[in-house]
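Now for the letters of each chain:
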Amino acid sequence: MEDIQRRRFRRHGLGELRIVEPSKYQIEVAGLWKVFGDRPERALGPAYASSSRAEIQEDLDLVVGLRDVSFNVREGEIFVIMGLSGSGKSTLVRCLIRLIESTRGRISFDGEDILEYSQDELIEFRRNKVAMVFQHYGLLPHRNVIDNVSYGLEIRGMAKDERYKSASEAIRTVGLEGWEEYYPREMSGGMQQRVGLARALAVNTPALLMDEPFSGLDPLIRREMQDELITLQTNLHKTIVFITHDLDEALKIGDKIVILRDGEVAQEGEPQEIVANPADDYVAEFVQDVSRAKVIQADSIMRPPSLKREEYPASVGPKAYIEEIVPLAAHSERPIAVVDDEGRLLGEIHRGALLAGMSEQIQEEG
């Protein structure tokens, strides 16, 4: 099966890189509910189908953490779940690996419903199918870097020489070669988070769950870690579910985004879709300050080509952002070509399309 296709590489050039394009859904979530309290099934009845979370809590003394949540995650995709505090995002990520048991619904990995797993099957799933990266690193303070990174492999029963070899490869991948013998207390927050990421990579699971992994870092280090994750993903092709409360972070790294509100899906879509077409006032308020020029991509504003390939003054890839295209179009009356990674002509972009793509921002900025 042909897996190698195109995937955008955000803000790191106008072209595209060839990496794994998702070929099927690896994670499927359907009709997922989590209700906290005694006899939670009471909240799922038709009598409360139109009731708000607050009304259910007042009437039944139950707290609705998740309400009929459904989405699919493709192989090799960075799928971002974002929302404010109390939106249900942390509950959701814990339900995905049954750290919290859901009330109703279906959670499938590679077509298997993990809610039907026995305890032994669940342990095997957690060891071999999915790894977790936590906000506060979750490192063992009495272990040095290589022993922290190799811990999951030790749990699997792997021999020391073999697990150290795999751990060393993961340490090199995250740029910490030479730090193997250091302890967490001797490292900065950003370096500790790299150790946590290396530990997840060492076990070589197909999926990673990242629960607000960068939210405790200083802004500069946080941006560096975001860039590092994007760069790593071009080689790793992992399926990543990334939890965040930061819209800028979601837009920067996400192939697909789900915005949660009060345990429900407010909107799901690609970053440019959410910014350009918010589903409701709640989402619109979220994205009102986002620069469309940093989100809208060439393939959404291009027209069919009208010139020969050599007649265009410049070219961009279909996932180039408006902010990258504007300088190329500034000094030419001719449109800019949109080409694929093999140089084939896909379309063209005129100045008017660039202005239309930025129109809401332009009006706001006066």
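Keep in mind it's a predicted model, so treat the numbers as computed, not measured. In this convention, every chain numbers its residues from 1, walking through the sequence in written order. Per-residue local features of the predicted model are confined to residues with pLDDT of at least 70, and side-chain atom pairs are confined, for both listing and counting, to 80 or more; whole-chain, interface and lining totals are unaffected and use all residues. Side-chain numbers come from the whole structure's heavy atoms, not from hydrogens or water.

Caption draft 1: The arrangement of the sheet that holds strand S3 (residues 25–36) in detail. When DSSP locates at least two bridges between a pair of strands, those strands are taken to pair. Runs of H or I in DSSP of at least four residues are treated as helices and runs of E of at least two as strands, each being numbered from the N terminus. A sheet is described by the order of its strands in space; here four strands give the open sequence S4-S3-S6-S7, paired in antiparallel fashion. Single-partner strands in this sheet number two, and they are strand S4 (63–74) and strand S7 (112–113). Judged from the eight bridges that link them, S3 and S4 form a sheet pairing that is antiparallel. Residue Phe-36 lies in a different strand from S4, and its bridge partner there is Val-63. Contacts from helix H2 (residues 89–96) reach S3, S4 and strand S6 (104–109), with the element oriented near 120° to S3. Only heavy atoms matter for contacts: two residues are in contact if any of them lie within 4.5 Å across the pair. Orientation is described by axes fitted as lines to C-alpha atoms, over the contacting stretch for helices, and by angles from 0 to 180 degrees between their N-to-C directions.

Caption draft 2: Representation of the sheet that holds strand S15 (residues 345–349). The strand order S13-S14-S15 describes an open sheet built from three strands, whose pairing is mixed. A single partner strand is all that each edge strand has here, and the edge strands are strand S13 (315–316) and S15. Direction of pairing for strand S14 (residues 336–339) relative to S15: antiparallel, over a ladder of four bridges. Looking across to S15, one finds that Ile-336 is bridged to Ile-349.

Caption draft 3: Looking closely at the pairing of strand S12 (residues 264–269). Bridging between strand S11 (residues 256–261) and S12 involves five bridges; their strand directions are antiparallel. For Val-258, the partnering residue across the bridge sits in S12 and is Glu-268. Between the antiparallel neighbours S11 and S12 lie two residues, among them Asp-262 with a positive phi of about 50°.

Caption draft 4: Representation of the packing of aromatic side chains within the structure. Two aromatic rings from Phe, Tyr or Trp, using only the six-membered ring of Trp, form a pair when their centres are within 6.5 Å; if the ring planes differ by under 30 degrees the pair is stacked, by over 60 it is edge-to-face, and anything between is tilted. By the definition in use, this model includes six aromatic pairs. Both rings, one in Phe-71 and one in Phe-79, keep their centres 4.9 Å apart while their planes meet at 20°; by these two values the pair is stacked. When its relative accessible area of 3% is taken as the criterion, Phe-71 is described as buried. With 5.2 Å between their ring centres and 80° between their planes, Tyr-282 and Phe-286 make a pair best called edge-to-face. One end of the pair is Tyr-282 and the other is Phe-286, both in helix H11 (residues 281–287) and four residues apart, which spans about a single turn. Burial status follows relative accessibility: with a 1.4 Å probe on protein chains alone, a residue under 20% of its type maximum counts as buried, one over 50% as exposed, and anything between as partly exposed. Under the relative-accessibility criterion, Phe-286 is labelled buried at 18%. Counted as over-ring charges are cases with an Arg CZ or a Lys NZ within 6 Å of the ring centre that also lie within 35 degrees of the ring normal. A cation sits over an aromatic face here: Lys-34 above Phe-36, 5.0 Å from the ring centre.

Caption draft 5: A look at the packing of helix H7 (residues 189–202) against helix H8 (residues 219–236). Interaxial distance between H7 and H8 falls to 11 Å at its minimum, and their mutual angle equals 20°. One way to sum up the angle between H7 and H8 is to call them roughly parallel. The element H7 and its partner H8 pack so that their crossing is right-handed. Here Gly-190, Gln-193, Arg-194, Leu-197 and Leu-201 of H7 lie close against H8, whose contacting residues are Ile-221, Met-225, Glu-228, Leu-232 and Leu-236. When an angle is under 35 degrees it counts as roughly parallel; over 145 it counts as roughly antiparallel; between 65 and 115 it counts as roughly perpendicular; any other value is oblique. Handedness of each helix crossing follows the sense of rotation of the near helix against the far helix: counterclockwise by less than a right angle gives left-handed, clockwise gives right-handed.

Caption draft 6: Here's a closer look at the pattern of salt bridges. Should a side-chain nitrogen of Lys or Arg be within 4 Å of a carboxyl oxygen of Asp or Glu, the pair is scored as a salt bridge. Under the definition given, this model contains 16 salt bridges. A salt bridge links Arg-94 to Asp-211; the nearest nitrogen and oxygen atoms lie 2.8 Å apart. Taken together, the residues Arg-94 in helix H2 and Asp-211 in strand S9 (residues 207–211) connect sequence positions 117 residues apart. For Arg-94, a relative accessible area of 26% puts it in the partly exposed group. On the basis of relative accessibility, which here comes to 7%, the residue Asp-211 falls in the buried class. One salt bridge connects Glu-228 with Arg-194, and the closest N-O pair in it is separated by 3.8 Å. Here Arg-194 lies in helix H7 and Glu-228 lies in helix H8, a separation of 34 residues in the sequence.

Caption draft 7: The nonpolar core, seen in detail. For this analysis, a nonpolar core means a set of buried residues of the types Ala, Val, Leu, Ile, Met, Phe, Trp, Tyr and Cys, connected via side-chain atoms within 4.5 Å. Within the largest apolar cluster, 49 residues are counted, with the highest numbers of intra-cluster contacts made by Val-149 and Met-210. Here the element with the most residues in this core is H7; it accounts for seven residues. Among all residues touching Met-210, those that are not within four sequence positions of it are Val-133, Leu-197, Leu-229, Ile-240, Val-241, Phe-242 and Ile-243. One finds Leu-32, Leu-96, Phe-109 and Tyr-117 within the second-largest nonpolar core, a separate group that totals 29 residues.

Caption draft 8: Region of interest: the confidence of the model for the chain. Chain-level statistics for the chain give a pLDDT mean of 86 and a share of 91% at 70 or above. As a per-residue measure, pLDDT reflects the predictor's confidence and takes values from 0 up to 100. Throughout residues 1–23 the model reports pLDDT below 50, and contacts reaching past four residues in sequence, or to other chains, amount to 73 contacts. The low-confidence segment residues 361–366, where pLDDT is below 50, has five contacts with residues more than four positions distant or belonging to other chains.

Caption draft 9: Geometry of the packing of helix H6 (residues 160–173) against H7. Viewed as axis vectors pointing N to C, H6 and H7 meet at an angle of 135°, and their least axial separation amounts to 8 Å. By the angle between their axes, H6 is oblique relative to H7. Crossing of H6 over H7 shows right-handed handedness. Judged by residue contacts, Ser-166, Ala-167, Ala-170, Ile-171 and Thr-173 of H6 engage Ala-198, Leu-201 and Ala-202 from H7. Under the scheme applied, nonpolar residues are Ala, Val, Leu, Ile, Met, Phe, Trp, Tyr, Cys and Pro; charged residues are Asp, Glu, Lys and Arg; polar residues are all the others, including Gly. When its residues are assigned to classes, the contact of H6 with H7 shows six nonpolar, two polar and no charged.

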